[in-house]
Amino acid sequence: MKDFTFEQIVTHLKTSGYVFQGSEIYGGLSNTWDFGPLGASLKKNIKLAWWKKFIQEDLNNVGIQSAILMNPEVWVATGHLANFSDPLIDCKHCKSRYRADQLINQVTNGTVNTDEMKDDDMVRYIRENNIACPKCGAHDFTDIRKFNLMFKTFQGVVEDASSAVYLRPETAQGMFVNFKNVQRTMRKKLPFGIGQIGKSFRNEITPGNFIFRTREFEQMEMEFFCKPGDDDYWYPYWRQFCMDWLLKLGLTEENLRFRDHTPQELAFYSKGTADIEYKFPTISWGELWGIADRTDYDLKRHMDHSKQDLQYLDPYTNEKYVPYCVEPAVGVERLFLAFVCDAYDEEILTRADGKQDTRIVMHLHPALAPIKAAVLPLTKNETEKAKEVYAQVVKYYDAVYDESGNIGKRYRRQDAIGTPFCITVDGDTANDGSVTVRFRDSMEQERVRIEDLKEFIGSRIEF
RNA sequence: GCGGGUGUAGUUCAAUGGUAGAACUUUAGCCUUCCAAGCUAACCACGCGGGUUCGAUUCCCGUCACCCGCUCCA
């Protein structure tokens, strides 16, 4: 029924104070985006909503905030330092780009084990076996160019190898390396989860689709630890929990689906991985949320490399074991985009004079709306009273005050940015102490006493 | 990174080898007063840097950014 293009929605976000191009006055910087006042508020609300359901309201779970910069050994342990760099080669003839290991695997049908090969070995293998470009058949490849997906920088004043550090490519490792700290200080028994929200950085080869894939992004991840075997219960549990959360916040069911990874797709350490995908306008299905059964892979790797014992002593059975872990990981910007795409609508209205005009409305869940309420004096006679009401409302909720233009225009402005409630102060307000609340979605109105506004709004932004 | 396309006010579109017009938006005022009305003003642009030229927004080169295709994933 709704049929808008991705571009339409992006334009609206850019022109209404949600998202700006990064470093715009300097001509921008590729694939960087800044969040304006509304975008920052929406992001904040998404994160609050996640934290509330996944951490605050869940007896088992706790939240942390770990450092972006970590000891580089962490990335040795996880394999990011070795494997996160793709060995890329280009065909000089037709300019196609391949991953050297995949090219060899493809041509040899996997009979050659590239895992053990170094870059030079692969280049030599390609040359000696006269491997041709699958596209154009030429035998003219560039050397391998390493493309490490981790951002590298230096800590301290000296830029040498010993001071190299990396911006984390995922927040997960902050949870794994703090497993013992959290378990001990919070006196946690299995099962329990550690969650966090924070920025991650990946030097993606191909970012794009607006804020869908960027090199700097924010993740909301949880590592849920349980007894080996119990993951058979918890993996589907969290898989469904994440979906329910999205539905509760108003995403359209038809635009959501699970995509379970096939056995061939699974990372070797994973017992199961499911993506929750969202159907974006124009760009269609894209991954929103990954829920993975990571077994004991990460903790074991860290045990090996750190020489620390990360086993859990089960107080009921006195068994010692390395917990299994289920990880729901979601990108904030992607969620942002999904919520906004789902909420965007243009309605055709017929005006009093018979002319038609278009109302842009963002039907965001009130819990997510960047501005909860706009306080509007009906005429300039009510500005003083309206400012008083505004001062009361803004103590509890994100609110704006607007007195410019006629009342209908001000309603429309709020519709376009997704404000669920407009509070209109009129001539009667001073006498009866009440205001008109106008609803974004239905455009209906209700009279509310000023002292009831806090509860009135509060009960409607709950989810 | 490679190939293809695009680049004029905040937005959507014009025009032009002699430095740009409009609509909507925004701001102020009048009028009206519960759904983008009307009137009067104001503000605002040739992505950036070179070259050719007496003169470049226009032609050429480079660069930057965005969009579409090849890889990855939240």
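In short, a report on the structure. All of these numbers come straight from a predicted model, not from anything done at the bench. (Residues numbered from 1 in each chain as written. Chains lettered and ligands numbered in written order. Predicted model: local features only at pLDDT ≥ 70, side-chain atom pairs only at ≥ 80, totals over all residues. Heavy atoms only, no water.)

With that out of the way, let us pick up the protein's contact with RNA strand B. Near RNA strand B there are 50 residues, and of these R99, E287, L288, Y411 and M443 occur at the shortest range. In RNA strand B, atoms within 4 Å of the protein come from the sugar-phosphate backbone in 55% of cases. Separating a sugar or linking oxygen of RNA strand B from a side-chain N or O atom of E287 is a distance of 2.5 Å. Broken down by secondary-structure element, the contributors of at least two residues to the surface near RNA strand B are α1 (6-15), β5 (97-99), β10 (216-226), β13 (284-295), β16 (324-331), β18 (356-362), α13 (407-417) and β22 (434-439). With six residues, the single largest contributor to the surface near RNA strand B is α13. (Near = heavy atom within 4 Å. Polar contact = N/O pair within 3.5 Å; in protein donor to acceptor, adjacent residues only side chain to side chain. Helix = DSSP H or I, 4+ residues; strand = E, 2+ residues; numbered from the N terminus.)

Inspection of the secondary structure assignment puts V340 in helix α11 (residues 332-343). Each C-alpha atom of the pair V340 and L13 lies 8.7 Å from the other, and the pair is 327 residues apart in sequence. Apart from the residues within four sequence positions on either side, V340 is in contact with I9, L13, L42 and M362. (Contact = heavy atoms within 4.5 Å.)

With that settled, the discussion passes to the pairing of strand β17 (residues 344-350). Consecutive side chains along a regular strand alternate between the two faces of the sheet. Sheet analysis places β17 next to β18, joined by seven bridges and oriented antiparallel. Paired with I348 across the bridge in β18 is T358. Hairpin remark: β17 followed by β18, antiparallel, with five residues in the connecting loop; positive phi at G354, about 95°. (Pairing = 2+ DSSP bridges.)

Attention shifts here to the pattern of salt bridges. Under the defined criterion, the tally for this structure stands at 29 salt bridges. When the shortest N-O distance is used, the salt bridge between R239 and D260 registers 2.9 Å. Here R239 is found in helix α9 (residues 231-248), whereas its partner D260 is found in strand β11 (residues 256-260), with 21 residues between them in sequence. Overall, D260 belongs to the partly exposed group, its relative accessible area being 41%. For D275, the salt bridge identified is with R259, shortest N-O distance 3.4 Å. Of this pair, D275 sits in strand β12 (residues 272-280) while R259 is found in strand β11, placing the two residues 16 residues apart along the sequence. Classification of R259 as partly exposed rests on a relative accessible area of 26%. Via salt bridges that share partners, K43, K47, E218 and E333 belong to a single interconnected network. (Salt bridge = Lys/Arg side-chain N within 4 Å of Asp/Glu carboxyl O. Buried < 20%, exposed > 50% of the residue type's maximum accessible area, 1.4 Å probe, protein only.)

So, on to helix α5 (residues 100-108). Regarding α5, the residues found buried are A100, D101, L103, I104 and T108. Seen along its axis, α5 keeps its buried residues to an arc of 160°; they face one direction. (Arc of directions from axis to C-beta.)

Moving on: the packing of helix α2 (residues 37-56) against α9. The interhelical angle for the contact between α2 and α9, taken along N-to-C directions, is 140°, at an axis separation of 12 Å. With respect to their mutual orientation, α2 and α9 come out oblique. Crossing handedness for the pair α2 and α9: right-handed. Residues I46, A49, W50, K53 and F54 of α2 pack against W238, F241, C242 and W245 of α9. Split by residue class, the contact of α2 with α9 holds eight nonpolar, no polar and one charged. (Axes fitted to C-alpha atoms, helices over the stretch in contact; angles between N-to-C directions. Parallel < 35°, antiparallel > 145°, perpendicular 65-115°, else oblique. Left-handed = near helix turned anticlockwise from the far one by under 90°. Nonpolar A, V, L, I, M, F, W, Y, C, P; charged D, E, K, R; others polar.)

For the rest of this paragraph, the subject is the sheet that holds strand β21 (residues 421-425). One open sheet holds the five strands; their spatial order is β20-β19-β21-β22-β23, and the pairing between them is mixed. The outermost strands of the open sheet, each flanked by one partner alone, are β20 (399-401) and β23 (445-449). Across the sheet, the axes of successive neighbouring strands diverge by a mean angle of 25°, strand direction being ignored. Here three bridges tie strand β19 (residues 373-377) to β20, and the two strands are oriented parallel to one another. Each residue of the ladder has a partner; that of A373, found in β20, is A399. Strands in contact with α13 are β19, β20, β21, β22 and β23; relative to β19, the strand with the most contacts, it is inclined by about 170°.

Within the largest apolar cluster, 60 residues are counted, with the highest numbers of intra-cluster contacts made by W245 and W289. Looking at this core, the elements that each hand over two or more residues are α1, α2, β10, α9, β12, β13, β16 and α11. Of the residues forming this core, the biggest block, nine residues, is contributed by α11. Of all hydrophobic cores here, the second largest spans 19 residues; its members include V375, A386, V425 and F456. (Core = buried A, V, L, I, M, F, W, Y, C linked by side-chain atoms within 4.5 Å.)

What follows concerns the environment of I371. Assignment of secondary structure puts I371 in the loop between β18 and β19. Between the alpha carbons of I371 and T419 there is a distance of 5.3 Å; along the sequence they are 48 residues apart. If sequence neighbours within four positions are ignored, I371 has contacts with L38, D398, A399, V400, I417, G418, T419 and P420.

A word on the packing of aromatic side chains. For the coordinates displayed, the defined rule picks out 33 aromatic pairs. Between W33 and F210, the ring centres sit 4.7 Å apart and the planes meet at 65°, which makes this aromatic pair edge-to-face. Placement of W33 in strand β2 (residues 33-35) and of F210 in the loop between β9 (192-201) and β10 is noted, with a sequence separation of 177 residues between them. Neither W33 nor F210 differs from the other in exposure class; each is buried. One Lys or Arg, R239, reaches over the ring of F258 and ends 3.8 Å from the middle of that ring. One cation-aromatic arrangement involves R334 over F212; the distance from NZ or CZ to the ring centre is 3.9 Å. (Phe/Tyr/Trp six-rings, centres within 6.5 Å; stacked < 30°, edge-to-face > 60°. Lys NZ or Arg CZ within 6 Å of the ring centre and 35° of its normal.)

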